[in-house]
Each structure stands twice: as C-alpha cells, then as structure tokens.
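Okay, here's what each chain looks like letter by letter:
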Amino acid sequence: MTRIDDVARLAGVSTATVSRALRGLPTVSAATRRRVLAAAEQLQYAVSPSASRLAGGRTGTVAVVVPRITRWFFGTVVEAVEEYLQQTGHDLLLYNLGGREQTHQRVLRTASLHKRVDAIILVATPLRAADVQALTKLDLPGVTISSGTAVPGWPRVRIDDVAAARLATRHLLDLGHTQIAHISGDPDDELAFTTHLDRRRGYQEALRDAGLRPDPSLDVESQFTVDGGTRAAAELLSRGEPPTAIFAACDEMAMGAVTALRDAGLRVPQDVSVIGIDDHELAGLLGLSTVAQPTAEQGLLAARILLDPLSVRADTAYPGLAPAPRGATSDDGTPTPVILPTRLVVRESTAPPRAH
C-alpha cells in the first residue's frame, strides 16, 4: 500500500509538503504542487478524507460561507455540500453573511474560521483585497464556487457565465427577435459581484455577433430576486414601446419580469418572450425557458475536490466536462478553474416575435 512518504520520496519533497500540496494550501508553489500531484497519481496514492480528517485537521469541520442562505442557488449548493460531507464523516459549519458588513468582516477577516474549521468553501462570496489577504494567511485549504475572485492556491468550480448569457441571447436572436432587453444585476448588490458583469458581456457579445448594437435603454439593473425582476421589467415598460424579448440574468428575475408583463396586460410569449439562467426548481412549473446550470453538482464537485483531490479528474468528475491538464495552475499557483457545462432548456416562455 502506497504511503505518503513514498509520494514525498518520488517528488523529492517532505511529507509535510505533500500534505500541504494535496490539501490545496497556498503555501506550496505551482511547480511543487504539480510535481506532488504527478507523483501521487503515478503511485496511485489515494487520499481517504474520512480517515485523514483533512490530512491532520483538528475539528473534522468544513466552513461553508454564503452571501444569503435564503436564495435558491445558495441553498441548493449548501445542501449538496452537506450531503457529501456527511458521507465522508465531516461536519458543516454554515456562515450566512446576510448582507451584513459586520458579519462579513468578522467571518472573512478574523481568525474565527481558523479556530473552528479545517477547510473553507466559499459560495459566490464577494471578496475584497483584504478578504483574500486574510484568507490566505489562515493557511487552510479551500474551494470557491461561482466566485469571480480567486484565492491563491484554492481550486474554483463554476460555470462560464459569459457563454451562458450568449446562449440565452442567441436563442432569442434565432427566434427572430432584434429588440431584446436585458435585466442585469445591481452593482450595489453584493450578490451581483461579477456574475452580472459576465452575463451582460455575453448578452452584448451575442447582439454584436448578430450585427446589432446594444441599446443602453434596453438594459436595466436590479437585484437578483423575483421582486427585482418585477421592478426592472416595470421600468422597461415605462420607457416606451416594450421590447419583443427579455433576457434576465437569473430565473428569479425572469419570473418577476413575467409577473410585471402580465400585470401590464402583455402576454408571454405572444407579446414578449422571456428567458433566464439557472433552471430554478420552479422554472419547469412556470414554463420558463432558461439556460440550465448544474447547481447541486457544483457543490458536490467542490466538496470532492476539497476532501479528496486525487479522486477528481477533470474528464470524469462530471458528465460532459471537458478534459483539463492534471495539476494545471496559473502563475500565482491557483489551480485552473473547473468549468461545468450549461445547456439551453426551451419551454413555453419564448417564441418568435409577433408579426405586426
């Protein structure tokens, strides 16, 4: 049976370095991490998370940090993470930032995490420079999910938000729409962080590829909520002639847009088509066209990467996931992001524009 010292001998490093490299700690250089991963794979050395308790951790507990647990995306991810942690004998400690600045600073910029947990999973958590610096100093393994900010040395699991928005917008273009509005995230909303920028970029790229110039009057910002989508759609309608289609940056905003359109006496999709991103659990019930992202799978895969990195191969961890080089990292030692695929789901809320 291969032991950790066998891996250390082949890689030419200490056993402590092997442990740190396999745990994803930022104190290991990119070159050393690649060498350790290659040696471990060659020797078929497998990390047993339930036995090693995160390679010598103290508590057997993993922290999961979310901006708002009440939102569907975050709740779905956390449930998937918790299920995997239970299977591997670990506990979950949830930190719900809730939009409170004091809680944000207490959780991300103090030693409270270091004292209570052995590892950290950040779910779409906006990070400032001071947050990244504090997390790096903790010297704990971690993974980020759907986050625009990388923590040096931490793997990332996410979707390609630009590509997802292009796919949604291209669906509307293919149906014949040219007056396509966009409901985007509010830059003052912490949940919008970089997601709204990436999805706006994909929307604009799709328009330009079709020979159309993005119209600022058709782009409205709001919160990533049903109420936010309702307010944004009402704002669009107040500006004059309604668009023939709306692409909302998430399904909850799209649901709100449908409500506002119907309240205004407009039919969906006969008068205005609507599409979102997510494949929310209510999207099918409401007949909402969307670009589906594997939400629960992001949580599951992140937990697997964190607890048993050698069990996760980029070409087998998730069906349809494109292969990636083993141990690939950026210049700062951060592993190359694992990007999960999205897919278009066409339902009743989108149709060709009505002939005038």
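Note that the coordinates shown come from a computational prediction; the quantities given were computed from them, not determined experimentally. Within each chain, residues carry numbers counting from 1 in the order of the written sequence. The model is predicted, so local features are restricted to residues of pLDDT at least 70 and side-chain atom pairs to those at 80 or more, both for listing and for counting; the totals for chains, interfaces and linings are taken over all residues. Values shown for side chains rest on all heavy atoms present in the structure; no hydrogens or waters enter the calculation.

A. Spotlight on helix 10 (residues 195-209). For the purposes of this entry, the term helix denotes a DSSP run of H or I that reaches at least four residues, the term strand denotes a run of E that reaches at least two, and both are numbered from the N terminus. By this rule the span expected of a helix is its residue count minus one, scaled by 1.5 Å. In a regular helix each residue adds 1.5 Å, so 15 residues correspond to 21 Å; helix 10 covers 21 Å between its end C-alpha atoms and thus fits that length. For the exposure calls, accessible area comes from a 1.4 Å probe over protein chains only, and a residue counts as buried if that area is under 20% of its type's maximum, exposed if over 50%, partly exposed in between. Within helix 10, the full set of buried residues consists of T195, H196, R199, R200, G202, Y203, A206 and L207. Buried residues of helix 10, viewed axially, fall in a sector of 155°; they line one side. Residues R208 and D209 are exposed on helix 10 and point more than 90 degrees away from its buried face. The contact criterion used is simple: two residues touch if any of their non-hydrogen atoms lie within 4.5 Å. Lining the buried residues of helix 10 we find strand 5 (156-159), helix 9 (161-174), strand 6 (180-185), strand 7 (219-222), strand 8 (245-248) and strand 9 (273-278). Just downstream of helix 10, G211 is the residue with a positive phi angle, here 80°. The arc in question is traced by the directions running from the helix axis to the C-beta atoms.

B. Quick peek at unusual backbone geometry. Omega for the bond connecting V268 with P269 falls within 30 degrees of zero, at 10°, which places this linkage in the cis form. Inspection of the secondary structure assignment puts P269 in the loop between helix 12 (251-263) and strand 9. In this model, D279 sits at a positive phi of 65°, which is unusual for a non-glycine residue. By secondary structure assignment, the location of D279 is in the loop between strand 9 and strand 10 (289-292).

C. Here's a closer look at the packing of aromatic side chains. Each pair of aromatic rings taken from Phe, Tyr and Trp, with Trp reduced to its six-membered ring, is defined by centres within 6.5 Å and is described as stacked if the planes are under 30 degrees apart, edge-to-face if over 60, and tilted in the remaining cases. One pass over the structure, following the stated rule, counts 2 aromatic pairs. Taking the centre distance of 6.4 Å and the plane angle of 35° together, the rings of Y203 and F247 count as tilted. In this pair, Y203 sits in helix 10 while F247 sits in strand 8, placing the two residues 44 residues apart along the sequence. Y203 gets classed as buried once you look at its relative accessible area, which sits at 1%.

D. Up close: the pattern of salt bridges. One side-chain nitrogen of Lys or Arg within 4 Å of one carboxyl oxygen of Asp or Glu is enough to make a salt bridge. Within the structure shown, the criterion is met by 10 salt bridges. Between E205 and R201 there is a salt bridge whose closest N-O contact spans 3.0 Å. Residue E205 and its partner R201 are located together in helix 10, separated by 4 residues, close to a single helical turn. A residue is classified by how much of its surface remains accessible, and R201, at 46% relative accessible area, is partly exposed.

E. View of the sheet that holds strand 12 (residues 343-345). In this analysis, strands are considered paired if DSSP registers two or more bridges between them. Taken together, 6 strands build an open sheet; the order of strands is 7-6-8-9-10-12 and the sheet is mixed. Of all strands in the sheet, those bounded by a partner on one side alone are strand 7 and strand 12. Averaged over neighbouring strand pairs, the angle between their axes works out to 20° when direction is ignored. Seen against the sheet, helix 11 (residues 226-238) touches strand 6, strand 7 and strand 8 and runs at an angle of roughly 150° to strand 7. For helices, the fitted axis covers only the stretch in contact; all axes are lines through C-alpha atoms, and the angles between them, taken along N-to-C directions, range from 0 to 180 degrees.

F. Looking closely at the side chain of S184. When you line up the elements, S184 lands in strand 6. If we ignore the near neighbours within four places in the chain, the residues touching S184 are H196, R200, D219, V220, E221, S222, A249 and M253.

G. Layout of the environment of T70. Looking at the secondary structure, you find T70 in the loop between strand 1 (61-66) and helix 5 (72-87). Judged by its relative accessible area of 70%, T70 is exposed. Taking the C-alpha atoms as reference points, T70 and N96, 26 residues apart in sequence, are found 9.2 Å from one another.

H. Quick peek at the nonpolar core. Core analysis: the largest hydrophobic core is formed by 41 residues, its most contacted members being I180, I183, I246, F247, M253, L261 and V274. Of all the secondary-structure elements, those providing two or more residues to this core are helix 9, strand 6, helix 10, helix 11, strand 8, helix 12 and strand 9. For this core, the leading source of residues is helix 12, giving 7 residues. Filtering out sequence-adjacent residues up to four positions away, I180 remains in contact with T169, L172, L173, Y203, L207, L218, A245 and F247. In this text, buried Ala, Val, Leu, Ile, Met, Phe, Trp, Tyr and Cys residues form a nonpolar core when linked through side-chain atoms within 4.5 Å.

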